[in-house]
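# An overview of the molecular structure
What follows is the residue order along each chain.
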Amino acid sequence: MTATLPADTHTHTALCRHAGGVPLDYARAAAARGIKEIACTEHIPFPNDPAPAIRMTADEFPRYLELVREAQQAGLCEVLLGIEADYQRDLIGEHIPRLLAAADFDLVLGSIHTGPFWDLGPNDPNATPEFVAQMNRTYYQRMKEMAQTGLYDICAHFDLVKRAGIHAPTALLAEIVPPALDAVAATGMAIEINTSGFRHRAGEAYPSLTILGWMKERDIPIVFGSDAHNPDDVGQHFEPAVALARAAGYTHYAAFRKRRFTLRPF
Ligand SMILES: [Zn+2]
Ligand SMILES: [Zn+2]
């Protein structure tokens, strides 16, 4: 890997119970790969969730801040304080705004993890064309809603709906994705090129080159994220992601500090 790899703005820690390592381990892995900047983006705690399987508890939140500070002070690479604030309608009124005010975040990822797309298997008999169309329509409608809340800085894994490797026809996407992108552009958010899609059955980055082209037409800024759940994942598949961004016409990515960004060449 070269020293010119962009910042990795999406990493997890053992606090979410489905990842390994602490921020310091991720910073060390980044430094070893010539990545000069990472963001820690643990999943937000949910309210009234005493025994969560896939996220830290509210009680663990101060510990998260402490672990990020420890990685920042080690001076191995720039370490940003971020959070992955899952979009759910019942959380946006009070819970997420309160949490986002509780720390001095550099960036806030917005993401959608709930929906039938999550549980589909390969060649799933449920995945009829009608089902896939409806699943995609609902997903992008929610993505539009998420952007319109104005709570987030970056859309994470924008087309995660293809996670199981079931890709909607381009003609359908051309109808349902642009309204979501218009909402993102109107809010001034960035969209992440998330390389975890290469590890999933999707078999490609989130989002696809087609969607990246529509983003570029709207001048939507990009960031790069590995969604690392293990220190070894930091910066994984960034070379093809950079090539993809260039193919869509991108030359810069958004570098965040205190929830504002400047454009940095890659
Ligand atoms: Zn996510
Ligand atoms: Zn994530």
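Quick summary incoming for the structure in this document. (Residues numbered from 1 in each chain as written. Chains lettered and ligands numbered in written order. Predicted model: local features only at pLDDT ≥ 70, side-chain atom pairs only at ≥ 80, totals over all residues.)

Bringing the packing of helix α5 (residues 170-187) against helix α6 (residues 209-217) into the picture now. Running from N to C, α5 and α6 point in directions that differ by 40°, and their axes come no closer than 11 Å. One way to sum up the angle between α5 and α6 is to call them oblique. Handedness of the crossing formed by α5 with α6: right-handed. Where α5 approaches α6, its residues Thr 170, Leu 173, Val 177, Pro 178 and Leu 181 are matched on the opposing element by Thr 210, Ile 211, Trp 214 and Met 215. (Axes fitted to C-alpha atoms, helices over the stretch in contact; angles between N-to-C directions. Helix = DSSP H or I, 4+ residues; strand = E, 2+ residues; numbered from the N terminus. Parallel < 35°, antiparallel > 145°, perpendicular 65-115°, else oblique. Left-handed = near helix turned anticlockwise from the far one by under 90°. Contact = placed C-beta atoms within 7 Å.)

Of note, the bond from Tyr 206 into Pro 207 is cis; its omega dihedral lies within 30 degrees of zero at -5°. Assignment of secondary structure puts Pro 207 in the loop between β6 (190-194) and α6. Here Asn 123, not a glycine, exhibits a phi torsion of approximately 50°, which is positive. Considering the arrangement of structural elements, one finds Asn 123 in the loop between β4 (107-111) and α4 (129-148). Residues other than glycine seldom take positive phi values, yet Asp 227 does so here, at roughly 55°. By the element assignment, Asp 227 lies in the loop between β7 (222-225) and α7 (238-247).

Before going further, it helps to examine the pairing of β4. For β4, the tally of buried residues reaches five of five residues, placing the bulk of the element in the interior. Burial along β4 is two-sided: Leu 107, Leu 109 and Ser 111 and Val 108 and Gly 110, pointing in opposite directions, are all buried. Examined bridge by bridge, strand β3 (residues 78-86) and β4 share five bridges and lie parallel to one another. The residue of β4 that forms the bridge with Glu 84 is Leu 109. Between β3 and its parallel partner β4, the chain crosses via helix α3 (residues 95-100), and the hand of that crossover is right-handed. Bridge count for β4 against strand β5 (residues 154-155) is two bridges, and the pairing is parallel. (Buried ≥ 20, exposed ≤ 12 C-beta atoms within 10 Å, placed from the backbone. Pairing = 2+ DSSP bridges. Right-handed = clockwise from strand over helix to strand, strands pointing away.)

We now examine the packing of helix α1 (residues 23-32) against helix α2 (residues 61-74). Packing of α1 against α2 brings their axes to within 8 Å, and their N-to-C directions diverge by 35°. Of the two elements, α1 crosses α2, and the hand of that crossing is right-handed. Contact residues: Pro 23, Leu 24 and Ala 27 in α1; Leu 67, Val 68, Glu 70, Ala 71 and Ala 74 in α2. Considered class by class, the residues forming the contact of α1 with α2 number seven nonpolar, no polar and one charged. (Nonpolar A, V, L, I, M, F, W, Y, C, P; charged D, E, K, R; others polar.)

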